[in-house]
Amino acid sequence: MILTRTGLKLALSGALAAGALFGVASATAGTSWSVGVSVPGVVVSSEPAPVYYEPAPAYSPPPPVYYQPAPPVRYQPAPAYVAPAPVYYEPGPSWEERRAERREWRRREWERREHYRRYGDDRY
């Protein structure tokens, strides 16, 4: 079968059209569309369309006649300088005194445990 020049042009134009169609389909790969035919035909009803009626005006009492005035604002000059109160620290116990207190506490604890071990009661 020999293709004529016209048949060749027709085949090339068809291939070109198909390529363009598939190229456009791949360019819109993230979108979707559809055609729906789920709506029935024209429906005619005898009921009128709904009408909006404005509600009746509501009564509100009038505002009060007397408003209490705001309290007056009083300004006084700020003090120029306020010195902090002096702070005095008493010297605490020295390192040797704290060590002696700790040794005394340990001695008393040892005596309490020994008394309990020997006599079996917790009264000292």
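None of these values were measured; they are calculated from a predicted model.

Peer 1: Whenever I open this one, the overall build of the protein confuses me. Can you help?
Peer 2: Broken down by element type, the protein carries two helices and zero strands. Counting every position in the protein, which comprises 124 residues, the buried fraction comes to 2%.

Peer 1: Sorry if this is basic, but what is going on with a positive patch on the surface here?
Peer 2: On the surface, a cluster of positive charge is contributed by Arg98, Arg99, Arg102, Arg103 and Arg106. Within the fold, Arg102 resides in helix α2 (residues 95–119).

Peer 1: Looking at this model, I keep getting lost on the pattern of salt bridges. Mind explaining?
Peer 2: If charged atoms from side chains of opposite charge come close, those side chains can pair. For the structure on display, the rule yields seven salt bridges. In this structure, the salt-bridge partner of Arg113 is Glu109, at a minimum N-O distance of 3.7 Å. In this pair, Arg113 and Glu109 are both assigned in helix α2, four residues apart and thus about one turn of the helix distant. For Arg113, a relative accessible area of 55% corresponds to the exposed category. Connected through shared salt-bridge partners, Glu104, Arg107, Arg108 and Glu111 make up one network.

Peer 1: What is the right way to read α2 from this model?
Peer 2: Note on helix geometry: an α-helix contains 3.6 residues per turn, so any two residues three or four positions apart are oriented the same way. With 25 residues, α2 extends 36 Å between its outermost C-alpha atoms, agreeing within 8% with the 36 Å of an ideal straight helix rising 1.5 Å per residue. Positive backbone phi, approximately 75 degrees, marks Gly120, located one or two places after α2.

So, how was this worked out
- Residues numbered from 1 in each chain as written.
- Predicted model: local features only at pLDDT ≥ 70, side-chain atom pairs only at ≥ 80, totals over all residues.
- Heavy atoms only, no water.
- Helix = DSSP H or I, 4+ residues; strand = E, 2+ residues; numbered from the N terminus.
- Buried < 20%, exposed > 50% of the residue type's maximum accessible area, 1.4 Å probe, protein only.
- Patch = residues over 30% accessible without salt bridge, like charges linked within 9 Å, V, L, I, M, F, W, Y side chains within 5 Å.
- Areas by Shrake-Rupley, 256 points an atom, 1.4 Å probe, with all protein chains shown as cover.
- Salt bridge = Lys/Arg side-chain N within 4 Å of Asp/Glu carboxyl O.
- Lys, Arg positive; Asp, Glu negative; His and termini not counted.
- Charge placed at Lys NZ, Arg CZ, Asp CG, Glu CD.
- Expected span 1.5 Å × (residues − 1).

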